[in-house]
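Examination of the molecular architecture
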Amino acid sequence: MEKSFYEKAQDLARQVPFGRVTTYGAIAKKLGMIRSARMVGYAMNASHNLDDVPAHRVVNRVGLLSGKHHFEGTNLMQQLLESEGIIVKNNQIVDFEKYFWNDFK
DNA sequence: AGTGTGACCTTCA
DNA sequence: TTGAAGGCCACAC
């Protein structure tokens, strides 16, 4: 049974451990379609209804909280990341490369 | 069946 | 080096 693109993206996003972050491109690439990185964010939007999908751990390739605007508050995403020990400044993750996670299954 | 949209990425100037 | 434009795929209407 084939999972929808949304389910796949959500599943990968779910694999991101505590205190780590990843990028849409990494997820898209893991799905075999790096060109559909946009769809990953679109899938995140759908996964926003689910509590098991830490969408706040997923950011763009530069570590910018591009999707923060989609969260309830204006800085809810930032607070969630800071709550995990990740430093965020100007909607951007500090030392993003250090927190970057790319060891998906 | 076709058009429009989108939490992006890559490349050209 | 920095800035801007295009492309790309999947889903909803």
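This text follows the structure it describes.
Residues numbered from 1 in each chain as written. Chains lettered and ligands numbered in written order. Predicted model: local features only at pLDDT ≥ 70, side-chain atom pairs only at ≥ 80, totals over all residues. Heavy atoms only, no water.

A few words on the protein's contact with DNA strand B. Taken together, 17 residues are adjacent to DNA strand B, and Y24, R38, M44, S66 and H70 come closest. Backbone atoms, meaning sugar plus phosphate, form 46% of the atoms of DNA strand B positioned within 4 Å of the protein. At a separation of 3.2 Å, a base nitrogen of DNA strand B approaches a polar side-chain atom of R38. N45 has a polar backbone atom sitting 3.2 Å from a base nitrogen of DNA strand B. Listed by contribution, the elements that provide at least two residues to the surface near DNA strand B are α2 (24-30) and α3 (37-47). It is α3 that contributes the most residues to the surface near DNA strand B, seven residues altogether. Broken down by class, the residue content of the surface near DNA strand B amounts to seven nonpolar, eight polar and two charged. (Near = heavy atom within 4 Å. Polar contact = N/O pair within 3.5 Å; in protein donor to acceptor, adjacent residues only side chain to side chain. Helix = DSSP H or I, 4+ residues; strand = E, 2+ residues; numbered from the N terminus. Nonpolar A, V, L, I, M, F, W, Y, C, P; charged D, E, K, R; others polar.)

What follows is about the environment of L50. Inspection of the secondary structure puts L50 in the loop between α3 and β2 (58-59). Distance from L50 to P17, taken between C-alpha atoms, is 17 Å for residues 33 residues apart in sequence.

Around DNA strand C, a shell composed of F5, Y6, M33, R35, S36, R38 and M39 is seen. In DNA strand C, atoms within 4 Å of the protein come 69% from sugar and phosphate. A distance of 2.6 Å separates a sugar or linking oxygen of DNA strand C from a polar atom in the side chain of S36. One of the side-chain nitrogen or oxygen atoms of R38 is found 3.4 Å away from a base oxygen of DNA strand C. Grouping the constituent residues of the surface near DNA strand C by class yields four nonpolar, one polar and two charged.

With that settled, consider the side chain of S47. Inspection of the secondary structure puts S47 in helix α3. Leaving out residues up to four positions away in the same chain, S47 has contacts with Q10 and V53. (Contact = heavy atoms within 4.5 Å.)

Buried together is how nonpolar side chains tend to be arranged in soluble globular proteins. If you look at the biggest cluster of nonpolar residues, it comprises 28 residues, and the most contacted ones within it are I27, M44, L81 and I93. Broken down by secondary-structure element, the contributors of at least two residues to this core are α1 (5-14), α2, α3, β2, α4 (76-83) and α5 (96-99). Here L81 is in contact with V21, H56, R57, L65, I86, V88 and I93, once residues within four sequence places are set aside. (Core = buried A, V, L, I, M, F, W, Y, C linked by side-chain atoms within 4.5 Å. Buried < 20%, exposed > 50% of the residue type's maximum accessible area, 1.4 Å probe, protein only.)

Trans peptide bonds make up most of the peptide bonds, and negative phi angles are found at most residues other than glycine. A positive phi angle, near 55°, is found at N90, a position not held by glycine. Within the element layout of this structure, N90 appears in the loop between β3 (88-89) and β4 (92-93). Residue N90 is classed as exposed on the basis of its relative accessible area, which comes to 64%. Even without being a glycine, D95 presents a positive backbone phi close to 55°.

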